[in-house]
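For reference, the chains in residue letters:
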Amino acid sequence: MGVASLTLLCLVAAAAAGMASSAPGAGPRVPPPLPVLPIPNAAQLAWQRREVIMFFHFGMNTFTDSEWGTGAEDPSMFAPAALNATQWMDAASAAGASLAILVAKHHDGFCLWPSAYTAHSVRASPFHNGAGDVVREFTDAAHARGIDAGLYLSPWDRHDARYGREVEYNEYYLAQLHELLTRYGKVSEIWFDGAKGKNATNMTYHFQEWFQTVRQLQSSINIFSDAGPDVRWVGDEQGFAGATCWSTVNRSMITIGATGIEKYLNNGDPRGTDWVPPECDVSIRPGWFWHKNETAKPRSKLLEIYYNSVGRNCVLLLNVPPNSTGLVDARDIARLREFRATVTRIFATDLAAGSTARASSERGAGFAAGNVLLDDAGETYWAPTAEDGRRNGYWIELRRPAATRARAFNVVRIQEHVVLGQRVERHEVYVDGVAVVANGTTVGHKRLHRLPVAVAGKTVRIWFVARRGVPLVSAVGLHLDPFATNVM
Ligand code: FUL
């Protein structure tokens, strides 16, 4: 290869990588803006991008038709005849989930793995004649499918006699955490449920010891609880985040398991100093556990949940309960597949594609308005100069190509570059300079606006009316949801 062609190749490669500084004649590249703290860590960012993850509630309750077992259940009742965790992963794949979380021990205290610290486990059950290990089958099946595994270990334990004796129970719980986090390979999320019955025995959980032990054993894990530290509960079990939803909170404001914290968790806190994004847990059926006569929510409900969770800056943790045979009901898998196909269909076509983008200003090479149209997993973003805030404010505008501007859309997608912090406090969406078709407060990783009626138009402009620092936008999309009631 000649020197000339080599130089050309280098230039092309540099341009492709956005390295304007290496092109002859171009000035040095403008660095990215400073972050607005707090910002997510790498594990939190990877979690956020999953968008939909799966929950599997399976245990003693599956066999007793209950939601909260008493702890007095006989292990002989735990007898799934054809448990197949690979089939559970079919359900996770059908939903497009990259992480699956198993309830390893629920409030009834029965352990789905052969814990060395209690007799109340699969070891005392007929499952594989006492030689079974559901946690092993689950984690192996997940890993074999390329799905990450997570585990739930209920702090509230209605069976164990140590519950209520502070040191003894905390030691027991820690020893079980140790088993779960050292025997089964990589664990990507651990769930600390704050739930506890009103008349439950008094018990102080040593969360700090638990959290630090988890970190010691699994360095890239995300720890879930009402108060994080990595992922927080959204404050309800309907799968709905607040219309205002910050990834930030002040952890010191949240007592795990307390009542009255729900609204704070639902909305987050713009002045929060901790990055603890919300997870929306909801079951596909009325119950968390399987009950013979319950059925899955319809597609329209699942879609509403999606818009109100993923579309409000959250990760959706969708529960599907395996039945007493040890299998996920085929109808539930079909519903998950239908749900995923629907989401894919809505978002596969971007009616903003081919638009030209302009903005109130651009920070420099690498921060162009057009970055919001690139399908690059949020790597690039539009950044304005800091000056706009002192002039007329920050906006970005898409001018749709003549060929598609007559095509109506009823969903507007906006995504912030949260790598550098969540910033947008209030925004408005205009079509053709006049009608405000949508407005709202926070954006975060993803904000989906469903419009009351489908609209067409030449230009779509988004004003960032209030924000912490300059807005940084990684994507804007326009979509048509054919299942919305306003579309013929
Ligand atoms: C709640 C529990 O009490 C439910 O049984 C279920 O496990 C849900 C995910 O969390 O707090």
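Residues numbered from 1 in each chain as written. Predicted model: local features only at pLDDT ≥ 70, side-chain atom pairs only at ≥ 80, totals over all residues. Heavy atoms only, no water.

1. A few points about the packing of aromatic side chains
Here is step 1: This model, assessed by the stated rule, comprises 33 aromatic pairs.
Here is step 2: Geometrically, the ring pair formed by Trp-191 and Phe-224 is stacked, given 3.8 Å between the ring centres and 10° between the ring planes. You can see Trp-191 sitting in strand β4 (residues 189–191) and its partner Phe-224 sitting in strand β5 (residues 222–225), a full 33 residues away along the chain. Across this residue pair, the class does not change: Trp-191 and Phe-224 are buried.
Here is step 3: A ring pair is formed by Phe-192 and Trp-210, whose centres lie 5.9 Å apart and whose planes are at 25°; its orientation type is stacked. Taken together, the residues span a long stretch of sequence, with Phe-192 in the loop between β4 and α7 (207–217) and Trp-210 in helix α7 at a distance of 18 residues. Comparing Phe-192 with Trp-210, the two get one shared label, buried.
Here is step 4: In this structure an aromatic cluster arises from ring pairing among Tyr-163, Tyr-169, Tyr-172, Tyr-173, Phe-192, Tyr-205, Phe-207, Trp-210 and Phe-211.
Here is step 5: The ring centre of Tyr-172 lies 3.9 Å from the NZ or CZ of Arg-162, which sits over that ring.
Here is step 6: The ring of Trp-395 is capped by Arg-461, whose NZ or CZ atom sits 3.6 Å from the centre of that ring. (Phe/Tyr/Trp six-rings, centres within 6.5 Å; stacked < 30°, edge-to-face > 60°. Helix = DSSP H or I, 4+ residues; strand = E, 2+ residues; numbered from the N terminus. Buried < 20%, exposed > 50% of the residue type's maximum accessible area, 1.4 Å probe, protein only. Lys NZ or Arg CZ within 6 Å of the ring centre and 35° of its normal.)

2. Focus on the confidence of the model for the chain
Here is step 1: Residue-level pLDDT values for the chain average 93, and 94% of them are 70 or greater.
Here is step 2: Ranking the helices and strands of the chain by mean pLDDT puts strand β2 (residues 99–105) first, with 99, and helix α1 (residues 3–16) last, with 38.
Here is step 3: Segment residues 1–22: pLDDT under 50, and 15 contacts once partners within four positions in sequence are set aside and those in other chains are kept. (pLDDT = per-residue confidence, 0-100. Contact = heavy atoms within 4.5 Å.)

3. Quick notes on the site of the ligand
Here is step 1: Surrounding the ligand, one finds Phe-55, His-57, Trp-68, His-106, His-107, Tyr-152, Asp-193, Ala-195, Glu-237, Asp-281 and Trp-288.
Here is step 2: Between the ligand and His-107, the relevant distance is 2.9 Å, taken from an oxygen atom to a side-chain nitrogen or oxygen of the residue.
Here is step 3: Within the side chain of Tyr-152, a nitrogen or oxygen atom sits 3.4 Å from an oxygen atom of the ligand.
Here is step 4: In the complex, the protein chains occlude 93% of the 290 Å² of accessible area that the ligand would expose alone.
Here is step 5: Among the residues making up the shell around the ligand, the classes are represented as five nonpolar, three polar and three charged. (Near = heavy atom within 4 Å. Polar contact = N/O pair within 3.5 Å; in protein donor to acceptor, adjacent residues only side chain to side chain. Areas by Shrake-Rupley, 256 points an atom, 1.4 Å probe, with all protein chains shown as cover. Nonpolar A, V, L, I, M, F, W, Y, C, P; charged D, E, K, R; others polar.)

4. Comments concerning the nonpolar core
Here is step 1: Ranked by internal contacts, the top residues of the largest apolar core, which has 75 residues, are Met-54, Val-134 and Phe-192.
Here is step 2: Membership of the second largest hydrophobic core comes to 32 residues, among which are Leu-351, Ala-359, Trp-382 and Val-473. (Core = buried A, V, L, I, M, F, W, Y, C linked by side-chain atoms within 4.5 Å.)

5. Quick notes on the packing of helix α6 (residues 166–182) against α7
Here is step 1: One can describe the packing of α6 onto α7 by two numbers: an axis separation of 10 Å at closest approach and a directional angle of 20°. Taken together, the axes of α6 and α7 are roughly parallel relative to one another. Helix-helix and strand crossings are classified by hand; for α6 and α7 the assignment is right-handed. The residues of α7 that touch α6, namely those facing Asn-170, Tyr-173, Leu-174, Leu-177, His-178, Leu-181 and Thr-182, are Glu-209, Trp-210, Thr-213, Val-214 and Leu-217.
Here is step 2: Per-class residue counts for the contact of α6 with α7 are seven nonpolar, four polar and one charged. (Axes fitted to C-alpha atoms, helices over the stretch in contact; angles between N-to-C directions. Parallel < 35°, antiparallel > 145°, perpendicular 65-115°, else oblique. Left-handed = near helix turned anticlockwise from the far one by under 90°.)

6. Re the state of the cysteines
Here is step 1: For the structure on display, the rule yields zero disulfides.
Here is step 2: Not part of a disulfide, Cys-280 finds its nearest cysteine sulfur in Cys-314, a span of 3.7 Å.
Here is step 3: Take Cys-280: its relative accessible area is 0%, and that puts it in the buried class.
Here is step 4: Assessed through its relative accessible area of 2%, Cys-314 is described here as buried. (Disulfide = S-S within 2.5 Å.)

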